[in-house]
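# A structural walkthrough
For reference, the chains in residue letters:
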Protein chains: 2
Amino acid sequence: MDLASLETPVPVIDLDVVEANLARMQAYCDSHGIALRPHIKTHKLPALARRQVELGARGITCQKLGEAEVMVEAGIDDILMSYPLLGAAKAARLAKLAPRARFRVGLDNAQSLATVAEAARLSGAEIGILVEFDSGTARTGVMTIEELLELARAARATPGLRFDGVMTYPLGPKARAFLDAALPRLKAEGLEPAVISGGGTPKAFEAHAAAPITELRVGTYIYNDRMTVAAGHATWADCALHLHVTVISRPEAHRAVIDGGSKTFAADVMPAGMAEGYGYFPDYPEAKLERFSEEHGMVDLSACARRPEIGEVLRVVPNHVCPVSNLHDRVALVKGGQFQGFQDVAARGRSQ
Amino acid sequence: MDLASLETPVPVIDLDVVEANLARMQAYCDSHGIALRPHIKTHKLPALARRQVELGARGITCQKLGEAEVMVEAGIDDILMSYPLLGAAKAARLAKLAPRARFRVGLDNAQSLATVAEAARLSGAEIGILVEFDSGTARTGVMTIEELLELARAARATPGLRFDGVMTYPLGPKARAFLDAALPRLKAEGLEPAVISGGGTPKAFEAHAAAPITELRVGTYIYNDRMTVAAGHATWADCALHLHVTVISRPEAHRAVIDGGSKTFAADVMPAGMAEGYGYFPDYPEAKLERFSEEHGMVDLSACARRPEIGEVLRVVPNHVCPVSNLHDRVALVKGGQFQGFQDVAARGRSQ
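Residues numbered from 1 in each chain as written. Chains lettered and ligands numbered in written order. Predicted model: local features only at pLDDT ≥ 70, side-chain atom pairs only at ≥ 80, totals over all residues. Heavy atoms only, no water.

If you check UniProt for "domain: D-serine dehydratase-like" (unreviewed entry), the listed places come out as residues 240-335 of chain A in our numbering. Taken as a whole, residues 240-335 of chain A contains 8% helix and 41% strand, while its terminal C-alpha atoms sit 11 Å from one another. (UniProt positions renumbered as here; feature names shortened; annotations may be inferred. Helix = DSSP H or I, 4+ residues; strand = E, 2+ residues; numbered from the N terminus.)

For the rest of this paragraph, the subject is the sheet that holds strand β2 (residues 35-36) of chain B. The strands that make up a sheet pair up through hydrogen bonds in the backbone, lying either parallel or antiparallel. Residue and element names in this part refer to chain B. Spatial strand order, β2-β9-β8-β7-β6-β5-β4-β3: eight strands in an open sheet with parallel pairing. Two strands bound the open sheet, and with one partner strand each, they are β2 and β3 (60-62). With three bridges joining them, β3 and strand β4 (residues 78-81) adopt parallel strand pairing. Residue Cys62 lies in a different strand from β4, and its bridge partner there is Met81. (Pairing = 2+ DSSP bridges.)

With that out of the way, let us pick up the sheet that holds strand β5 (residues 102-107) of chain A. Residues and elements named next belong to chain A. In spatial order, the strands read β2-β9-β8-β7-β6-β5-β4-β3; together these eight strands make up an open sheet with parallel pairing. Lying at the two open borders of the sheet, with one neighbouring strand each, are β2 (35-36) and β3 (60-62). Taken together, the two bridges between β2 and strand β9 (residues 215-217) define a ladder with parallel strand orientation. Note on β9: the bridge partner recorded for Ala35 is Glu215.

Attention now goes to the environment of Tyr223(A). Structurally, the position occupied by Tyr223(A) is in the loop between β9 and α9 (226-230). For the pair formed by Tyr223(A) and Ala234(A), sequence separation is eleven residues and the distance between their alpha carbons is 9.9 Å.

For the rest of this paragraph, the subject is the pairing of β5(A). Residues and elements named next belong to chain A. The buried fraction of β5 is high, at five of six residues. Two strands pair when backbone bridges link them, and strand β4 (residues 78-81) and β5 are joined in this way by four bridges, in the parallel orientation. Paired with Leu80 across the two strands is Arg104, which belongs to β5. A crossover links β4 with its parallel partner β5, the connecting element being helix α4 (residues 88-97), and its sense is right-handed. (Buried < 20%, exposed > 50% of the residue type's maximum accessible area, 1.4 Å probe, protein only. Right-handed = clockwise from strand over helix to strand, strands pointing away.)

Mapping chain A onto chain B calls for a rotation angle of 180° and an axial translation of 0.0 Å; the resulting RMSD is 0.0 Å. Given the turn and translation reported, the copies of this chain are related as if by a two-fold rotation axis. The C-alpha atom lying nearest the rotation axis in chain A is that of Ala267(A); the distance is 2.8 Å. By residue overlap, the copies meet face to face through one surface: 100% of the interface positions of chain A are interface positions in chain B. (Least-squares fit on C-alpha atoms with pLDDT ≥ 70 in both. Contact = heavy atoms within 4.5 Å.)

Further remarks concern the packing of helix α6 (residues 145-157) of chain B against helix α7 (residues 173-188) of chain B. Residue and element names in this part refer to chain B. Two elements in contact, α6 and α7, have axes whose closest approach is 10 Å; the angle formed by their N-to-C orientations is 40°. On the basis of their axis angle, the class for α6 and α7 is oblique. Regarding α6 and α7, the two cross each other, and that crossing is right-handed. Side by side, α6 and α7 meet where Ile145, Glu146, Leu148, Leu149 and Ala152 of the first sit next to Phe178, Ala181, Ala182, Arg185 and Leu186 of the second. Each residue belonging to the contact of α6 with α7 can be placed in one class, and the counts come to eight nonpolar, no polar and two charged. (Axes fitted to C-alpha atoms, helices over the stretch in contact; angles between N-to-C directions. Parallel < 35°, antiparallel > 145°, perpendicular 65-115°, else oblique. Left-handed = near helix turned anticlockwise from the far one by under 90°. Nonpolar A, V, L, I, M, F, W, Y, C, P; charged D, E, K, R; others polar.)

Before going further, it helps to examine the interface of chain A and chain B. Taken together, the 60 residues of chain A in the interface contact 60 residues of chain B. Roughly 4,700 Å² is buried in total at the junction of chain A and chain B, and carbon and sulfur atoms are behind 47% of that figure. In this structure, the connection of chain A to chain B is made through ten salt bridges. Measuring nitrogen to oxygen at the nearest pair gives 2.8 Å for the salt bridge that ties Asp329(B) to Arg348(A). Contributions of two or more residues to the side of chain A that touches chain B are made by α4, β10 (241-252), β11 (255-258), α10 (262-265) and α11 (322-325) of chain A. The element contributing the most residues to the side of chain A that touches chain B is β10(A), with six residues. Of the residues belonging to the side of chain A that touches chain B, the class tally is 19 nonpolar, 20 polar and 21 charged. (Buried area = accessible area lost by both parts, 1.4 Å probe. Salt bridge = Lys/Arg side-chain N within 4 Å of Asp/Glu carboxyl O.)

With that settled, the discussion passes to the packing of aromatic side chains. In the structure shown here, the tally under the stated rule is twelve aromatic pairs over all chains. Ring centres of Phe339(B) and Phe342(B) lie 5.1 Å apart, and the angle between their planes is 65°; on these two criteria the pair is classed as edge-to-face. Using a relative accessible area of 18% as the deciding quantity, one classes Phe339(B) as buried. Classification of Phe342(B) as partly exposed rests on a relative accessible area of 30%. Among the aromatic residues, those joined into a cluster by ring pairs are Phe265(A), Tyr278(A) and Phe292(A). Sitting above the plane of the Phe342(A) ring, Arg330(A) keeps its charged end 3.6 Å from the centroid. (Phe/Tyr/Trp six-rings, centres within 6.5 Å; stacked < 30°, edge-to-face > 60°. Lys NZ or Arg CZ within 6 Å of the ring centre and 35° of its normal.)

All names here are of chain A. The peptide bond linking Thr8 to Pro9 adopts the cis configuration, its omega dihedral lying at -5°. Relative to the helices and strands, Pro9 resides in the segment before β1 (10-14). Positive phi, close to 60°, is recorded for Lys44, a residue that is not glycine. For Lys44, the location among the structural elements is in the loop between β2 and α2 (46-54).

Moving on, we get to the environment of Leu183(A). Residues and elements named next belong to chain A. Looking at where Leu183 falls in the secondary structure, it is placed in helix α7 (residues 173-188). Leu183 gets classed as partly exposed once you look at its relative accessible area, which sits at 24%. For Leu183, the residues in contact, after removing those within four places along its chain, are Pro193, Ile196 and Pro212.

Glancing now at the state of the cysteines. On inspection of all chains with the given rule, the structure shows zero disulfides over all chains. Of the cysteine sulfurs around Cys322(A), a residue in no disulfide, the closest is that of Cys239(A), at 12 Å. (Disulfide = S-S within 2.5 Å.)

So this is what it looks like as structure tokens:
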């Protein structure tokens, strides 16, 4: 099968671009003495996780245990769960994995600490704890140094657990301010963090200057997308995943309809003021992917001198690439411009 | 396993509510002499498609051939593809299915007509054609009566095809105006449509008055969601699908974080001005699901007198239920308040 005859819609991954993106981030981390711990949520593909480790990554980051189960099965042996696991079912599942890989869990509350302690007890394996602090997302993460100290002490005091350090996202001024205040307090109690883990592709290449991190968690950099390009952190040539779609209708001269909508691209919009619409057409830069329904994408061709015809296959860079991987059972791989075969997105939908 | 111990996040379907929703729509269609042809995109479950047909539906509607392949395998024998299929690969796949079920295809261009003609030729089975016209979506659908007539004539003149009628969505004043003008023209050429197919859950129960349809395509009515409730077409008690999620963090008194985000709920927002946020908590009506990241949902509890604790399982009605089915490999089924087991979402991700 050749690339042009792939059925659409289909995500197509250019492995040459992937390789360049991985090498660039690894080199950045190496040059600053930062351990790279890529977030596999972006690709959910065991083969790419293994490639990240081969190139020098310290291990990987997962959010859900379902992702970690797939990755341990694929031979990955060092995993940070950057997510507060909670409850007996999660403890039992983590216990099954813990003897097979080095695990750390990032968390922000005592109940999650108890879950991880139970996993350590059940498995007999020691599990590391990173305490997550809030640096501006208002998502998970403790809000005060007192809470951080309390959880760090509890981790140290709990059999089977090991206090390894702290974790946050993003790496802005709030991260530095929190660390500046927290690190002396931790040190004073003999709780100096072995790991200071920071995350986020958008500011990845400024991470060394943003905060005194020892480890970088990034996901999107492997593929890039319209958001990372719009933010100035990548170019269109750095985008490794394109949705290939077909023009299935041209009801008006200025309108094309493609065979992918929110069930193919996800419905993530760009940050306010950054750009409109749902994707970028490298071969028709003036075309605007202005609306989705579930299986249709409506493209405004008004600004296009040359316009695609019915039946033409178009390449699209999605706004946000991570949820795209989570919609498709398989992706097509390309190397040297040649179709290499399909690969199952093994951790797709592993949301538990 | 009981309902309370299901791992989260998980979509839970109340089959008693499903049954009532199906019966209500079937009774409406029966009382107005309209054929019901439910859109299975909402549930993607063979068992529920079969139940819709058992209760009196004329057949089903699919958008993608991948959905139809699953449904033919499950024994469904009457399918409308409400989507302009295009290209040799689609023709070959439709040809494999056409001998196993009565197929119609809705389309708006000559290239798609040629694809369906090729499927008919390859299979030896006759395939019906509905010409889609635009009634306000600016999506697919011809814009003029002349285009409609041209495609209807082509369908009649093409071996293996049968002109069966017309199709549109939504059923507003534009649909009626187009039909009022088009029907005499079609009749004058001996092309009176056997089928006038209209779609859309929001106006479903006014469909008989909106336009002279013979067939109704509706999907969301089987589950309902925050959008159909906000539009006044269903009540919270009519919502058959809830995401069950767990509170995994309470970083501040007014904020809870749940273990589902855009990879669990999809990121569909409510129509402007209708309501904010991403879901409704029946047990905490004042809670606001205000933000998502991929695996986190941020809940503002400011207005809640009673607030959920870490570890508590919450039920959420999503904004738009159709993309939720497309994110999860399986759903949990409940009847009489009791967990019945899981069912694979067999047509999930069948976007080709």
